[in-house]
Amino acid sequence: MVQGVLEVENLSRRFGAVAANDGVTLRVRPGEVVGLLGHNGAGKTTLVSQVVGLLRPDEGAITVAGTDAIAEPGTARRCVALQAQAQAPLDGLTPRTAIEIAARLRGMSRAKAAAAARAVAEELDITEWFDRRAMPDGGGLSGGVRRLTAFAMAAVAPVPLVILDEPTNDVDAARRRLLWKKVRGLGDAGAGVLLVTHNVAEAERVVDDLVVLDKGKVVAAGSPSGLRGAGDHDLRLELALTSDGIDPSETGAEIPFPVARRVRAGRRVLLTVRAEDAEKAVAWASAQREDERVEGYALAPVTLEDVYLAVTGGNNAKESGDA
Ligand SMILES: Nc1ncnc2c1ncn2[C@@H]1O[C@H](COP(=O)(O)OP(=O)(O)OP(=O)(O)O)[C@@H](O)[C@H]1O
């Protein structure tokens with residue numbers, strides 16, 4: 001078995017009555033991008049803080065590139081590039097300077113650091129702001145450019161383990177796409193990447209494996225296709241409810257096909273149905289729309305978001321296993 005560049009075993013950390021991490025086990029191998037998903041407060045940042053030595057676990061083991069990260073946090077930390085969730089303190093710096101400093105700290109020569117900084121800025125399409133200074137009052141650089149600069153600082157030089165905590169916050173859609181491409185590129189170049197994100201739909205395209213945390217525990221883990229389940233041909237019928245929020249799949253209207261899973265997230269209801277029932281599902285949903293019982297509907301392949309909402313209970317979601 002390939003030794004993980006990050007091995008977390010049975011990690012627990014409490015804050016008073018709150019079990020922020022409760023027996024978490026996960027592994028990131030070299031070349032692998034592992035997504036860490038979970039609602040607010042699930043325990044993701046607590047896990048990251050322990051891996052980089054900012055917080056001591058109550059129990060468990062952490063190995064980073066073969067080093068016991070609890071006994072030797074300094075040595076382990078040198079193998080990790082971290083983009084923290086909080087905005088990096090860039091005040092007074094330009095993206096060029098900040099990214100070059102990060103590269104120099106990783107041992108690159110002045111010339112190599114300058115070339116690597118420019119290259120990553122080009123990949124992320126931020127050269128327009130390359131020489132603009134970040135001002136302490138938040139001026140100079142937008143939140144998105146600051147976030148991309150922090151990401152570039154983590155990505156500029158090769159390291160065994162890259163940890164990214166919500167790297168796409170504040171980043172526009174076009175540059176998010178560039179960022180995801182670079183994340184995949186880091187893995188393809190041999191780094192292990194632990195990617196903390198709420199953006200399930202976008203992360204699905206770049207991760208090799210996913211770990212879902214809920215209330216400090218791992219509630220699901222595996223590859224995206226493995227997590228989507230054996231029913232790879234299942235479809236998702238998404239109903240957009242009307243403003244009264246009444247779900248016709250729950251009340252009255254008999255559904256003439258089996259529903260493997262029902263998850264409600266706000267005014268959306270996601271029904272997992274079999275591919276062979278597609279026609280019946282569309283006929284039923286369009287009848288609901290004609291009767292103004294739903295605002296709209298869509299039928300699409302099951303995504304990881306459906307699985308994620310199901311294992312974490314959605315956003316105050318209700319799930320039912322009606323067949
Ligand atoms: N320093 C602390 N003191 C007390 N409680 C804490 C502390 N840090 C985290 N917690 C609690 O531990 C739990 C896990 O928090 P954590 O920040 O790890 O979650 P998260 O998954 O990173 O959330 P988010 O997605 O909102 O960043 C939460 O209930 C949080 O309130």
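None of the values given here were measured: they were computed from a predicted structure.

Undergrad: Would you explain the sheet that holds strand E4 (residues 59-64) in this entry?
TA: By definition, the strands of a sheet pair up through backbone hydrogen bonds, in either a parallel or an antiparallel sense. Taken in spatial order, the 4 strands line up as E2-E1-E4-E5 in an open sheet, and their pairing is antiparallel. A single partner strand is all that each edge strand has here, and the edge strands are strand E2 (18-28) and strand E5 (67-68). Bridging between strand E1 (residues 6-15) and E2 involves 8 bridges; their strand directions are antiparallel. The residue bridging glutamate 7 from the neighbouring strand is arginine 27, located in E2. In this fold helix H1 (residues 44-51) packs onto E1, E2 and E4, with an angle of close to 115 degrees to the strand it touches most, E1.

Undergrad: Would you take a moment to explain the pattern of salt bridges for this structure?
TA: Where charged atoms from two side chains of opposite charge come close, those side chains can pair. Under the definition given, this model contains 20 salt bridges. Where aspartate 170 meets arginine 147, a salt bridge forms, and the shortest distance between an N and an O atom there is 3.4 Å. On the criterion of sequence distance, the pair formed by aspartate 170 in the loop between strand E7 (161-165) and helix H6 (173-188) and arginine 147 in helix H5 (residues 143-155) is long-range, its members being 23 residues apart. Notably, a salt bridge pairs aspartate 188 with arginine 184, separated by 3.0 Å at the nearest N-O pair. Here the residue aspartate 188 and the residue arginine 184 both occupy positions in helix H6, the gap between them amounting to 4 residues, near one helical turn.

Undergrad: Got a minute to help me understand the packing of helix H3 (residues 95-105) against H5 in this structure?
TA: Contact geometry of H3 with H5 gives a least axis separation of 8 Å together with a crossing angle of 25 degrees. In this view, H3 runs roughly parallel relative to H5, as classed from their interaxial angle. By crossing handedness, the relation of H3 to H5 is classed as right-handed. For the pair H3 and H5, the contacting residues are Pro95, Ala98, Ile99 and Ala102 in the first and Thr149, Ala152 and Met153 in the second. Along the lines of polarity and charge, the residues of the contact of H3 with H5 split into 6 nonpolar, 1 polar and no charged.

Undergrad: Please clarify how the packing of H3 against helix H4 (residues 110-123) should be interpreted in this entry.
TA: Helix-helix packing is characterised by the crossing angle of the two axes and by the distance between the axes. Packing of H3 against H4 brings their axes to within 8 Å, and their N-to-C directions diverge by 125 degrees. What the angle tells us is that H3 and H4 run oblique. Relative to H4, H3 is oriented so that their crossing is right-handed. Only Arg110, Ala113, Ala114, Ala117, Arg118 and Val120 of H4 make contact with H3, whose side of the interface consists of Arg96, Ile99, Glu100, Ala103 and Arg104.

Undergrad: Which parts of the structure should I look at to understand the nonpolar core?
TA: Nonpolar side chains in soluble globular proteins tend to be buried together. Counting residues in each nonpolar core, the largest one holds 57 residues, and the members touching the most others are Leu124, Phe151, Val156, Leu164, Val183 and Leu195. Tallying contributions element by element places H5 first for this core, with 7 residues. In terms of domain composition, this core takes at least three residues from each of domain 1 (6-224) and domain 2 (228-320). The contacts of phenylalanine 151, once residues within four sequence positions are left out, are Gln83, Leu124, Leu164, Pro167, Leu179, Lys182, Val183 and Leu186. Listed in part, the 27 residues of the second largest apolar core include Leu6, Val8, Leu11 and Leu213.

Undergrad: What is the right way to read the site of the ligand from this model?
TA: Taken together, 13 residues lie near the ligand, and Gly41, Gly43, Lys44, Thr45 and Thr46 sit nearest. Within the backbone of glycine 41, an N or O atom sits 2.7 Å from an oxygen atom of the ligand. Interatomic distance of 3.2 Å between a side-chain N/O atom of histidine 198 and an oxygen atom of the ligand. Out of a free accessible area of 640 Å², the ligand has 61% covered by protein chains. For the shell around the ligand, the secondary structure elements donating two or more residues are E2 and H1. The element contributing the most residues to the shell around the ligand is H1, with 3 residues. Residues that form the shell around the ligand fall into these classes: 4 nonpolar, 8 polar and 1 charged.

Undergrad: How should the packing of aromatic side chains be read in this particular structure?
TA: With the rule as written, the count across this model stands at 1 aromatic pair. Ring plane angle 80 degrees and centroid distance 6.0 Å describe the contact between phenylalanine 257 and tryptophan 284, whose orientation is recorded as edge-to-face. Note that phenylalanine 257 is positioned in the loop between strand E11 (235-241) and strand E12 (261-265) and tryptophan 284 in helix H9 (residues 278-290), a separation of 27 residues in sequence. On the basis of relative accessibility, which here comes to 5%, the residue phenylalanine 257 falls in the buried class. Residue classification places tryptophan 284 among the buried residues on the basis of a relative accessible area of 7%.

Definitions and cut-offs
Residues numbered from 1 in each chain as written. Predicted model: local features only at pLDDT ≥ 70, side-chain atom pairs only at ≥ 80, totals over all residues. Heavy atoms only, no water. Pairing = 2+ DSSP bridges. Helix = DSSP H or I, 4+ residues; strand = E, 2+ residues; numbered from the N terminus. Contact = heavy atoms within 4.5 Å. Axes fitted to C-alpha atoms, helices over the stretch in contact; angles between N-to-C directions. Salt bridge = Lys/Arg side-chain N within 4 Å of Asp/Glu carboxyl O. Parallel < 35°, antiparallel > 145°, perpendicular 65-115°, else oblique. Left-handed = near helix turned anticlockwise from the far one by under 90°. Nonpolar A, V, L, I, M, F, W, Y, C, P; charged D, E, K, R; others polar. Core = buried A, V, L, I, M, F, W, Y, C linked by side-chain atoms within 4.5 Å. Buried < 20%, exposed > 50% of the residue type's maximum accessible area, 1.4 Å probe, protein only. Domains from an automatic or database assignment. Near = heavy atom within 4 Å. Polar contact = N/O pair within 3.5 Å; in protein donor to acceptor, adjacent residues only side chain to side chain. Areas by Shrake-Rupley, 256 points an atom, 1.4 Å probe, with all protein chains shown as cover. Phe/Tyr/Trp six-rings, centres within 6.5 Å; stacked < 30°, edge-to-face > 60°.

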